[in-house]
Amino acid sequence: MKGIQRYVNVTEIVRPIGHLLAFSVGSAALMSAIVIVLALILDRTVVGADLMDRYNVSLYTYTMINLPQVVIDGLTIGFVYAAIALGYTMVYGVLEFINFAHSEIFAVGAFVGVELLIALDATGVLAGATLGMAYAYLIMALLAGMLAAGGLAMAVERVAYRPLRGASRLVPLISAIGVSFLLQDLIRLVESLTTGQFNRIMPTFGNFDQRIILGKLNMGASNITLGISIKSIIVIAAAVLMLVALNYLVNATRIGKAMRAVAQDRGTASLMGINVNRIISITFLVGGLLGGAAGVLFALKFTRIDPFVGFFPGLKAFTAAVLGGIGNLTGALLGGLVLGMLETFAGSFMGVFTMGAAGSEYKDIFAFSILILVLIFRPQGLMGKHVGQKA
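Residues numbered from 1 in each chain as written. Predicted model: local features only at pLDDT ≥ 70, side-chain atom pairs only at ≥ 80, totals over all residues. Heavy atoms only, no water.

The name an unreviewed UniProt entry assigns to the protein is Branched-chain amino acid ABC transporter permease, from the organism Desulfofustis limnaeus. According to UniProt, the comment filed for the protein under the heading Sequence similarities (unreviewed entry) is "Belongs to the binding-protein-dependent transport system permease family. LivHM subfamily." Of the comments in the UniProt record for the protein, the one headed Subcellular location (unreviewed entry) reads "Cell membrane". (UniProt positions renumbered as here; feature names shortened; annotations may be inferred.)

See below:
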C-alpha cells in the first residue's frame, strides 16, 4: 500500500469522488426539499384539486412518487454539463478569457464520434456486434471524438488566440465568438458535402437503450416504473472518470503544477524554465479532449445531433462554470450538478405546479436567470476563486 502511495497520490483520487458524492447528495436534497414544500403548500389549493381530478392522487403523493426518477435524470444531465464546463474553466484558469468556441469543439467531437459509428453501422458491423464489441466500438467513437476535438482546440489556440495574446481582453473574446460561428458553418459545409444531412442520429446497438428497473410505484390508477438506462450509467461513469483524471492531472502531476504556475504568473513561470506556450497548448488539448468526450456522451444520451448541437449545452455549461466559480475545477462540478438538477426539476414539476400554464419548454428560464443573478450578486461564483485549484 505504501508502495502505491509513493507513486500515486491517493488523496487526489479520493477527494474529487468525495466532492462528487457531497455535491450530488446536497443538490438532490436541496431541490427535493424545495419541491416537497411547494407541493405541500399547493396541495390544498386549486392546483392540488386539479391533479386529484385528473389522476386521483394528491399533489404531495405525485411529487414523492416522481422524485426518485427526477433526481436520477437530474444527476445524468448535471454530469454532462459538468464535463463540458471543465473545458471552459480550464482555459479561463490559465488565460482568463472565455473560449466561446468550446461549444463548437464539443459539437465537432460529437459529429466525429457519431459519424464513425454511422459508418460502422453501414457496414453491418454494429448489428452483429457482441456486447463486448459494442462497448469497444463506443470507446473507439469516444477516442475518435476526443482526438478530433483536442487537435482542433490546439489548432484554434495556435491560429486564433496566440497571436492576440497581450491584446485587451475584448479582442480574443471577439475572436472566440468568430471561431464559434466559423466552426458551426464548417460543420454544416462538411456534412452538406459528405452526407447531405445536417441532422445525424446515433445508431442503435448494444444494450445502451435498455433500462435497469429499480422498482414500481402506484400512482392512483396507474403505475410508475423507476429505472435508469444503461446509457445514463455510462454517461455518469465516464463523467466521473474524466473529473477524477483531470483533478489528478492538475493537482498531482508536474504538468498540472506547471499549469498552475502559468495561471499564477506567466512571466515568472517562464523565468523558472516552464515553456508557457507548450503548457497553454496542453491546456487547450485537455479541454478539447474533455469537450470531445462530452460531445459523444451527449449524442449517446440524446441520440440526435445537428451543427448547432453545441450552442445551448455550451451556454448552459458556461452558466454552470460561472455558477460554481469559473476557473475552479470543483466549482465547475458543483455548477453542473446544480444546473442539471434545477433544469430537470423545473421541467418535471413546473407544468403540474402551474396547471399546465408553463411546462418544461420554459425550463431554460431558470438556467439563464441563474447566470444573471450570479453575475449581479456573486460574480466569483459559489466556490469563489480558489487559486490552488486553478487550471
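Moving on: the overall build of the protein. A count of helices and strands for the protein gives 14 helices and 4 strands. On C-alpha atoms alone, the protein measures out to a radius of gyration of 22 Å, which is about the 21 Å that the 2.2 N^0.38 rule sets for 391 residues. The dimensions of the protein, computed from C-alpha atoms along their principal axes, are 70 × 55 × 50 Å. Expressed as a percentage of the 391 residues in the protein, the buried residues total 50%. Surface exposure of the protein reaches about 17,800 Å², of which carbon and sulfur atoms provide 67%. Considering the protein, the positive charge centre built from 26 side chains and the negative charge centre built from 18 side chains are found 13 Å apart. (Helix = DSSP H or I, 4+ residues; strand = E, 2+ residues; numbered from the N terminus. Rg over C-alpha atoms; globule rule 2.2 N^0.38 Å. Buried < 20%, exposed > 50% of the residue type's maximum accessible area, 1.4 Å probe, protein only. Areas by Shrake-Rupley, 256 points an atom, 1.4 Å probe, with all protein chains shown as cover. Lys, Arg positive; Asp, Glu negative; His and termini not counted. Charge placed at Lys NZ, Arg CZ, Asp CG, Glu CD.)

A few words on the packing of aromatic side chains. Throughout the structure, instances matching the rule amount to 11 aromatic pairs. A centroid spacing of 5.1 Å and a plane angle of 85 degrees characterise the contact between Phe 205 and Phe 208, whose relative ring orientation is edge-to-face. Each member of the pair, Phe 205 as well as Phe 208, is classed as buried. Through successive ring pairs, a cluster of aromatic residues spans Tyr 88, Phe 100 and Phe 318. (Phe/Tyr/Trp six-rings, centres within 6.5 Å; stacked < 30°, edge-to-face > 60°.)

Okay, helix α7 (residues 170-194) next. Along its 25 residues, α7 runs 36 Å from first to last C-alpha, staying within 8% of the 36 Å computed at 1.5 Å per residue. Contacts from the buried residues of α7 go to α5 (102-122), α6 (131-161), β1 (200-201) and α12 (311-324). One or two steps after α7, the chain reaches Gly 196, where phi turns positive at roughly 75 degrees. (Expected span 1.5 Å × (residues − 1). Contact = heavy atoms within 4.5 Å.)

Glancing now at the nonpolar core. The nonpolar side chains of a soluble globular protein tend to be buried, and buried together. Ranked by internal contacts, the top residues of the largest apolar core, which has 114 residues, are Phe 79, Tyr 161 and Phe 345. Those residues in contact with Tyr 161 that lie beyond four places of it in its chain are Phe 97, Asn 99, Ala 101, Val 156, Pro 172, Ser 175, Ala 176, Val 179 and Phe 284. (Core = buried A, V, L, I, M, F, W, Y, C linked by side-chain atoms within 4.5 Å.)

Further remarks concern the pattern of salt bridges. For the structure shown, the criterion picks out 10 salt bridges. Where Glu 157 meets Arg 165, a salt bridge forms, and the shortest distance between an N and an O atom there is 2.8 Å. Glu 157 sits in the buried class, given a relative accessible area of 0%. A salt bridge links Arg 200 to Glu 191; its shortest N-O distance comes to 3.8 Å. (Salt bridge = Lys/Arg side-chain N within 4 Å of Asp/Glu carboxyl O.)

In the contact formed by α5 and α6, the axes pass within 8 Å of each other and the chain directions differ by 145 degrees. Handedness of the α5/α6 crossing: right-handed. Of the residues in α6, those touching α5 at Ile 105, Val 108, Gly 109, Val 112, Gly 113, Leu 116, Leu 117 and Leu 120 are Tyr 137, Met 140, Ala 141, Ala 144, Gly 145, Ala 148, Ala 149, Leu 152 and Ala 153. Per-class residue counts for the contact of α5 with α6 are 14 nonpolar, 3 polar and no charged. (Axes fitted to C-alpha atoms, helices over the stretch in contact; angles between N-to-C directions. Left-handed = near helix turned anticlockwise from the far one by under 90°. Nonpolar A, V, L, I, M, F, W, Y, C, P; charged D, E, K, R; others polar.)

A separate point is the environment of Ala 129. Structurally, Ala 129 can be placed in the loop between α5 and α6. Considered as a pair, Ala 129 and Gly 206 are 77 residues apart in the sequence and their alpha carbons are 7.3 Å apart. With residues near it in sequence (within four places) discarded, Ala 129 still touches Ala 134 and Tyr 137.

What follows is about helix α2 (residues 11-42). Between its first and last C-alpha atoms α2 spans 46 Å; for 32 residues at 1.5 Å apiece the expected length is 46 Å, and the two agree. Inspection of α2 places Glu 12, Pro 16, Leu 20, Phe 23, Ser 24, Ser 27, Ala 28, Met 31, Ser 32, Val 35 and Ala 39 among the buried residues, and these make up the whole buried set.

Our focus in this paragraph is the packing of helix α8 (residues 230-252) against helix α11 (residues 276-302). The axes of two packed helices give the description: the angle between them and the distance between them. Between α8 and α11, whose axes approach to 10 Å, the crossing angle comes to 170 degrees. If you check the angle between α8 and α11, you find them roughly antiparallel. Of the residues in α11, those in contact with Lys 231, Ser 232, Ile 234, Val 235, Ala 238, Met 242, Leu 246 and Leu 249 of α8 are Val 286, Leu 290, Ala 293, Leu 297, Leu 300 and Lys 301. Here the residues of the contact of α8 with α11 are counted per class, giving 11 nonpolar, 1 polar and 2 charged. (Parallel < 35°, antiparallel > 145°, perpendicular 65-115°, else oblique.)

What follows concerns a nonpolar patch on the surface. Together, Ile 13, Val 14, Ile 17 and Leu 21 make up an exposed nonpolar region whose accessible area comes to about 330 Å². Looking at the secondary structure, you find Ile 13 in helix α2. Classification of Ile 13 as partly exposed rests on a relative accessible area of 30%. (Patch = residues over 30% accessible without salt bridge, like charges linked within 9 Å, V, L, I, M, F, W, Y side chains within 5 Å.)

This part takes up the side chain of Lys 301. Mapped onto the elements of the fold, Lys 301 is located in helix α11. Salt bridges are absent for the buried Lys 301, whose nearest opposite-charge side chain, Asp 73, sits at 5.1 Å. When sequence neighbours within four positions are dropped, the list of residues in contact with Lys 301 reads Thr 76, Ser 229, Lys 231, Ser 232 and Val 235.

Backbone geometry at Thr 303 places phi at a positive 75 degrees, although glycine is not the residue there. For Thr 303, the location among the structural elements is in the loop between α11 and β4 (304-305). Its relative accessible area of 28% is what places Thr 303 among the partly exposed residues.

What follows deals with the side chain of Arg 200. Mapped onto the elements, Arg 200 comes out in strand β1. Taking the relative accessible area as the measure of exposure, Arg 200 reaches 9% and is therefore buried. Within the structure, Arg 200 has its side chain in polar contact with the side chain of Glu 115 (distance 2.8 Å). With residues near it in sequence (within four places) discarded, Arg 200 still touches Phe 111, Val 114, Glu 115, Ile 118, Glu 191, Thr 195, Thr 303, Arg 304 and Ile 305. (Polar contact = N/O pair within 3.5 Å; in protein donor to acceptor, adjacent residues only side chain to side chain.)

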